[in-house]
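So the chains spell out like this:
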Amino acid sequence: KAGVTQTPRYLIKTRGQQVTLSCSPISGHRSVSWYQQTPGQGLQFLFEYFSETQRNKGNFPGRFSGRQFSNSRSEMNVSTLELGDSALYLCASSLLGSTHSYNEQFFGPGTRLTVL
Amino acid sequence: SQQGEEDPQALSIQEGENATMNCSYKTSINNLQWYRQNSGRGLVHLILIRSNEREKHSGRLRVTLDTSKKSSSLLITASRAADTASYFCATVLNNAGNMLTFGGGTRLMVKP
């Protein structure tokens, strides 16, 4: 099976712009979660989608949003980019939703976003 | 905010030595997981230990969990240069299986 894929791998934007990142989960996985990784704040949970519905949300401003399509592919969008949004954005897919606690998550390689 | 704190932040050892990393967390958990990350790439799941388990083994990895102290440790035995990576613990709360709360990580360097 192919792993989790994320596109693009690298992205450079300027402040005030918006960006859309894409994640394709492992075939058959219905849950996609997004994480932000920065040197200062570490790895932080953004949100989780399962069957096209947002199930959990982390403590991020409304500029961060996402969606999931019927084929389980997910996109996250960041509007009005700020310098502090520079980070590695990771998505992870899982077979089961969050009501099942013992889920192994499979991570993609990440999208490195740089905001100038 | 991070649920867990890891100790040490960085560790440098020689090949063949054992490496021990510790993780502490703040709230009651359903399970705790350890992940490895190579050079800013994606995370790889290593092992999951449930809250009612005390110790778990997987190959050269040994994980312990002490829920009374809210702490866990990861032991890598007979380390190899290929083990060089950052290691993160992540906690999971009940009914939030896909919402991982990560610690700050330990950067492990294994010198050949």
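Residues numbered from 1 in each chain as written. Chains lettered and ligands numbered in written order. Predicted model: local features only at pLDDT ≥ 70, side-chain atom pairs only at ≥ 80, totals over all residues. Heavy atoms only, no water.

1. What to know about the overall build of chain A
Along chain A, the regular secondary structure elements total 0 helices and 11 strands. The order of α-helices and β-strands along chain A, N terminus first, is β-β-β-β-β-β-β-β-β-β-β. Taking 116 residues into account, the globule formula puts the C-alpha radius of gyration at 13 Å, and chain A, at 13 Å, falls close to it. Considering only C-alpha atoms, chain A reaches an extent of 40 × 25 × 25 Å along its principal axes. The buried share of chain A, reckoned over its 116 residues, is 52%. The long-range fraction of contacts in chain A, counting pairs at least 24 apart against all pairs at least 6 apart in sequence, stands at 55%. Within the structure as shown, chain A displays about 5400 Å² of accessible surface, and the carbon and sulfur contribution to it stands at 49%. One finds the centroid of the 11 positive side-chain charges in chain A at a distance of 4 Å from the centroid of its 6 negative side-chain charges. (Helix = DSSP H or I, 4+ residues; strand = E, 2+ residues; numbered from the N terminus. Rg over C-alpha atoms; globule rule 2.2 N^0.38 Å. Buried < 20%, exposed > 50% of the residue type's maximum accessible area, 1.4 Å probe, protein only. Contact = heavy atoms within 4.5 Å. Areas by Shrake-Rupley, 256 points an atom, 1.4 Å probe, with all protein chains shown as cover. Lys, Arg positive; Asp, Glu negative; His and termini not counted. Charge placed at Lys NZ, Arg CZ, Asp CG, Glu CD.)

2. What about the pairing of strand β7 (residues 64-68) of chain A?
Sheet topology note: the β7(A)/strand β8 (residues 74-78) of chain A ladder contains 5 bridges and is antiparallel. The partner of Gln68(A) across the bridge, within β8(A), is Ser74(A). (Pairing = 2+ DSSP bridges.)

3. Here we look at the interface of chain A and chain B
Facing the 28 residues of chain A at the interface are 25 residues of chain B. Together, the buried faces of chain A and chain B total about 2000 Å²; carbon and sulfur atoms form 49% of this surface. Run the count over chain A and chain B and you get 0 salt bridges. At the level of secondary structure, the elements contributing two or more residues to the side of chain A that touches chain B comprise β4 (31-38), β5 (42-50) and β9 (87-94) of chain A. At 5 residues, the largest contribution of residues to the side of chain A that touches chain B is made by β5(A). When grouped by side-chain class, the residues that make up the side of chain A that touches chain B number 9 nonpolar, 16 polar and 3 charged. (Buried area = accessible area lost by both parts, 1.4 Å probe. Salt bridge = Lys/Arg side-chain N within 4 Å of Asp/Glu carboxyl O. Nonpolar A, V, L, I, M, F, W, Y, C, P; charged D, E, K, R; others polar.)

4. Overview of the confidence of the model for chain B
Averaged over all residues, the pLDDT of chain B equals 92, while 96% of them reach at least 70. Confidence, read as mean pLDDT per element, is least for strand β1 (residues 5-7) of chain B in chain B (85) and greatest for strand β7 (residues 61-66) of chain B (98). (pLDDT = per-residue confidence, 0-100.)

5. What to know about the sheet that holds strand β6 (residues 55-58) of chain B
All names here are of chain B. On the basis of which strands lie adjacent, the open sheet formed by 5 strands has the order β1-β3-β8-β7-β6 and antiparallel pairing. Among the strands making up the open sheet, the edge pair consists of β1 and β6. The mean inter-strand angle of the sheet, taken between neighbouring strand axes irrespective of direction, is 15°. Inspection of the sheet shows β1 paired to strand β3 (residues 19-24) by 3 bridges, in the antiparallel sense. Along β3, the bridge assignment pairs Glu6 with Cys23. (Axes fitted to C-alpha atoms, helices over the stretch in contact; angles between N-to-C directions.)

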